[in-house]
Structure formats: C-alpha cells, structure tokens
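Now for the letters of each chain:
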Amino acid sequence: MNCNFVVSKADLLSRIDLDELMKKDEPPLEFPDTLEGFEYAFNEKGQLRHIKSGEPFIFNYREDLHRWNQKRYEALGEIITKYVYELLEEECHLKKVYIPVDTAESEPRSFIFMSEDAMTNPDKLMVLIHGSGVVRAGQWARRLIINEDLDSGTQIPYIKRAIEEGYGVIVLNPNENYIEVEKTKAQAQPSSDSSDEPAEKRERKDKIQKDTKKRRDFYEKYRNPQKEKETLQLYIRENGSPEEHAIYVWDHFIFRSAAESVFFVAHSYGGLAFVELMIQREAEVKNKVTAVALTDSVHNVWHQEAGKTIREWMRENCCNWVSSSEPVDTSVESMLPDCPRVSAGTERHELTSWKSFPSIFRFFGEALEAKRSSGKAAPTRRSQRIRYEEL
C-alpha cells in the first residue's frame, strides 16, 4: 500500500527523545594545568612523550568528540606556552621585560624576552619575530613542539647559537595583544532600549527578544552543552596588533640599543610586521639594520604600499626562505619586486625557520663580514647563489 504523508517539523521534534540525545553530550571541559597532569613530558631529545607508554601525543583521545579533543589540545598548548617561557629564562638565560614600559599596575600589559646584553652589546643584536595565531614568544609552531620536537618548533636553537656567536637577543611577542576578563552580569546583558517607544511596542519587542533568546539558548545547549564563559578583551596600549607591537619594541628597545648591526629573523606574518615597521621607520631601519632573514613571509609590498626605496633596500639586504621542494638555498622565482627568494628545503610552511637555520646564520655572517671589510652592503642571497652555481 502506498501511503503519502507529510511530517511537520513539530511532529518530527516531538518524536525525538532529547533526553536520550543529551546523554551523548561531551565530557566536562576540564583539563589538567601541568604536563604531569596530562601524563606527558619532554624526553632528552626534546620530544613530547606519554610518561607511561612513551607514545607521542594523541589528538583523538576520545572518538567522535572532535570539539572536546580540540579543547584538550588547546589546554595542552597553553601549558606548552608557559613551558617555553620557562626555558627562555632558565636555559637561554633571557629576562622577561614588561611592556608598555610605563604601564600602571592595573593596566593590561605584555612582555618580551631579551638577553642581559641586548641593550648594551656594541656589536650586534638579533631580533626574532614569530608568525600569527596561537604561538607566543619563543615559538615558531605549536604543532611542531607537540608533534615533533622543541628544536624544530621553538626559537631556542636560534637564541642559543646567537648568544654563542656574540649577539645580543630580543624575542618579540607580537600575538600577546590583549588580556581576557570574564564579563560581569551587567556587561553580558544586552543593553536595554532607552528610546521613547510606546510601552506596548517596547513590551512586544522585549517578548520577541526573550523568545528568540530562549530558542537560541535551547538549541545552543543541544549543540554546545558546555557554553563557555563570555569574556571581554582589554587591549594592551600601543601593542594591540603585531604591527603595533613591532613598532613599539623598535622605538623603546631595538633603536635605543647600542648594537652597530641589527639582524631580524621573521617568520610568516612576522615578515609583514617587519615590512610595516620599515614603512613607518624607514630611515631608522636603514641606518640600524644590516640584514633580514624572512621565512615563508606573507608580506606584500604592493598591498602594504612599500615605496620604491624600501623595495630597493629589501632587494639588497633581505632574503626570504620559502617553502619549496627544491634543495635548500636554491633560487626561487618571485612575482614581487622585493627581496630574493630561496628554498627553505621543505614544503611545510611551519618548518621553514628550522630547515633554513644554518643558512640564515651563514647569511648574517656574510652580511656582517661584508659590512666590516668594505663598508658596502652585503651581496644579496640571490647573487651569492648565482656565484656559487658558476663555480
């Protein structure tokens, strides 16, 4: 028998046992606040391993609970950030410096890290800038720290070698732009309408808003039973973006340092922040900076409206190690008229800083030697590569 009928949404919903569905809610979003609590530790090779099994980190800890697994991963990531901060101070012997420098106790603040001689080293200074996202000072990529090792995912190898070679060091923290505080009840409530609407119209609008909120909250509880706390972002003065942060640290630290030669290593969005710094402080940068190593930088001289003199300076003093299947240091063609591009020896964006590590120190050494011996600008990476290939 052929029975054709239409089931309304109301009928369909009435047949769903919501209580049964809610039993499938995810576990509480409560996670340990230490590596030991997660039962993980870094071994002698700098690899994150489970204390009992020795296995690498497992993302899908609970099947079919992607959101819960992601929150667990993020909680571990926050612990990793604090762990790297500790390494910067304890292993690299850097000091934490709070900014803005004139901040009041009650004011939101950020911080950077620097070596003891960062402001007084008369010879050379290295400045490290990471990319965008969840990474903080001392990191290139959280994913690498968790899934590979500390050497590839942090800036620690750069810092240690820089100090060994006599550089002062400053580590920027461009993603620490605000602090989050929980909203008060008054802040979380929608603002009441203070217009001179008729009482009847206002009551009707209020009822509609309440009904809408009730429905939204009901479905939100089903979709997201553990609604997270509402927070307010309080931006840090003069450091509300990576670009602002780079300019602030330049004005208050790098430009005021005693170093005759400053060298930048900037990854991904850090390269964009450097170009913006140069646009805003062109004469100062040209006078102070000897060479810039970019790693898969996302800067764009057209979109950022970098002038001709900046582009010319970048061609002579910058090099961008980009993700590529070509061997490391192989010249890579560019559509933009800025700095030379060479292969980082990897197709993975997050690995470019690590894979180009030896080449970048060689690049800086050659730039410094050229400056000292002749007073002329160092030959560009591309011209060096061409000369090597001719030999």
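Bear in mind the structure is a predicted one, so any value in this text is a computation, not a measurement.

**Points about the environment of glutamine 139**
Piece 1. Mapped onto the secondary structure, glutamine 139 falls in the loop between strand E5 (124-129) and helix H5 (142-147).
Piece 2. Residue glutamine 139 is classed as buried on the basis of its relative accessible area, which comes to 0%.
Piece 3. Spatially, the C-alpha atoms of glutamine 139 and tyrosine 85 are 9.3 Å apart, while their sequence positions differ by 54 residues.
Piece 4. Side-chain polar atoms of glutamine 139 contact the side chain of threonine 81, separated by 3.1 Å.

**A look at the sheet that holds strand E10 (residues 289-295)**
Piece 1. Sheet architecture is open: nine strands sit in the order E3-E4-E6-E5-E9-E10-E11-E13-E12, paired in mixed fashion. Each end of this open sheet is capped by a strand with a single partner; those strands are strand E3 (95-99) and strand E12 (331-332).
Piece 2. Here five bridges tie E3 to strand E4 (residues 110-114), and the two strands are oriented antiparallel to one another. Opposite lysine 95, over in E4, you have methionine 114 as the bridge partner.
Piece 3. Along the sheet, helix H7 (residues 156-164) makes contact with E5, strand E6 (168-171) and strand E9 (261-267), crossing E6 at roughly 160°.

**Some remarks on the confidence of the model for the protein**
For residues with low pLDDT, the predicted coordinates do not support detailed interpretation.
Piece 1. Averaged over the protein, the pLDDT score is 85; the fraction of residues at 70 or greater is 78%.
Piece 2. Throughout residues 17-23 the model reports pLDDT below 50, and contacts reaching past four residues in sequence, or to other chains, amount to five contacts.
Piece 3. Note that pLDDT drops below 50 for residues 377-391; the model gives that stretch 30 contacts with residues more than four away or on any other chain.

**A few points about the packing of aromatic side chains**
Piece 1. Per the stated rule, a full pass over the model turns up 24 aromatic pairs.
Piece 2. With a centroid separation of 5.9 Å and an interplanar angle of 75°, the aromatic rings of tyrosine 98 and phenylalanine 111 are classed as edge-to-face. Here tyrosine 98, found in strand E3, pairs with phenylalanine 111, found in strand E4; they are 13 residues apart in sequence, far enough to count as distant.
Piece 3. Residue classification places tyrosine 98 among the partly exposed positions, given a relative accessible area of 36%.

**Describing the environment of glycine 153**
Piece 1. Relative to the assigned elements, glycine 153 resides in helix H6 (residues 150-153).
Piece 2. A residue is classified by how much of its surface remains accessible, and glycine 153, at 0% relative accessible area, is buried.
Piece 3. Distance in space between the C-alpha atoms of glycine 153 and glycine 138 is 8.9 Å, their sequence separation being 15 residues.
Piece 4. Ignoring sequence-local partners within four residues, the contact set of glycine 153 consists of Gln139, Trp140, Ala141, Leu144 and Ile145.

**Here we look at the pairing of E5**
Piece 1. By the criterion of burial, E5 is predominantly enclosed, with six of the six residues buried.
Piece 2. Burial of E5 is two-sided: the residues Lys124, Met126 and Leu128 facing one way and the residues Leu125, Val127 and Ile129 facing the other way are all buried.
Piece 3. Relative to E9, E5 runs parallel, the two being bridged by six bridges. Note that in E9 the partner of leucine 125 across the bridge is valine 262.
Piece 4. Sheet analysis places E5 next to E6, joined by four bridges and oriented parallel. The partner of leucine 128 across the bridge, within E6, is valine 171.

**A few points about the packing of H7 against helix H15 (residues 357-374)**
Piece 1. Look at H7 against H15: their axes get within 11 Å of each other, and the N-to-C directions meet at 35°. Note on packing geometry: the crossing formed by H7 with H15 is right-handed. Every residue of H15 that contacts H7 at Pro157, Tyr158, Arg161 and Ala162 is listed here: Phe357, Pro358, Ile360 and Phe361.

**Focus on the side chain of asparagine 239**
Piece 1. Note on placement: asparagine 239 falls in the loop between strand E8 (231-235) and helix H10 (242-254).
Piece 2. Excluding its chain neighbours within four sequence positions, the residues that come into contact with asparagine 239 are Ile99, Pro100, Glu176, Asn177, Glu244, His245 and Tyr248.

**What to know about the pattern of salt bridges**
Piece 1. The full count for this structure, using the stated rule, is 16 salt bridges.
Piece 2. The closest approach of N and O atoms between arginine 136 and glutamate 176, which form a salt bridge, is 2.7 Å. A residue pair is termed long-range when its members are at least 10 positions apart, and arginine 136 in the loop between E5 and H5 and glutamate 176 in the loop between E6 and strand E7 (178-182) qualify at 40 residues. Glutamate 176 carries the same exposure label as arginine 136, and that label is buried.
Piece 3. Put simply, arginine 161 and glutamate 165 hold a salt bridge, and the shortest N to O gap is 2.8 Å.

**Considerations on the side chain of serine 297**
Piece 1. Within the secondary structure, serine 297 is located in the loop between E10 and helix H13 (308-317).
Piece 2. The class of serine 297 is buried, set by a relative accessible area of 12%.
Piece 3. Of note is the side chain of serine 297, whose polar atom sits 2.5 Å from the side chain of histidine 299.
Piece 4. If near-sequence neighbours (up to four positions away) are discounted, serine 297 is found in contact with Ser268, Gly271, Leu272 and Asn320.

**Re unusual backbone geometry**
Piece 1. Cis geometry marks the peptide bond from isoleucine 99 to proline 100, where omega comes out at -5°.
Piece 2. With respect to the secondary-structure elements, proline 100 resides in the loop between E3 and E4.
Piece 3. Phi at histidine 93 is positive, roughly 60°, even though this residue is not glycine.
Piece 4. Residue position: histidine 93 is located in the loop between helix H4 (66-90) and E3.
Piece 5. Located in the positive-phi region is aspartate 329, a residue other than glycine, with phi close to 80°.
Piece 6. You can see aspartate 329 is positioned in the loop between strand E11 (318-322) and E12.

**Some details on the environment of arginine 256**
Piece 1. On the secondary structure map, arginine 256 appears in the loop between H10 and E9.
Piece 2. Those residues in contact with arginine 256 that sit more than four places away from it in its chain are Met119, Trp250 and Asp251.
Piece 3. There is a polar contact of 3.1 Å between the side chain of arginine 256 and the backbone oxygen of aspartate 251.

What counts, and where the lines are drawn
- Residues numbered from 1 in each chain as written.
- Predicted model: local features only at pLDDT ≥ 70, side-chain atom pairs only at ≥ 80, totals over all residues.
- Heavy atoms only, no water.
- Helix = DSSP H or I, 4+ residues; strand = E, 2+ residues; numbered from the N terminus.
- Buried < 20%, exposed > 50% of the residue type's maximum accessible area, 1.4 Å probe, protein only.
- Polar contact = N/O pair within 3.5 Å; in protein donor to acceptor, adjacent residues only side chain to side chain.
- Pairing = 2+ DSSP bridges.
- Contact = heavy atoms within 4.5 Å.
- Axes fitted to C-alpha atoms, helices over the stretch in contact; angles between N-to-C directions.
- pLDDT = per-residue confidence, 0-100.
- Phe/Tyr/Trp six-rings, centres within 6.5 Å; stacked < 30°, edge-to-face > 60°.
- Left-handed = near helix turned anticlockwise from the far one by under 90°.
- Salt bridge = Lys/Arg side-chain N within 4 Å of Asp/Glu carboxyl O.

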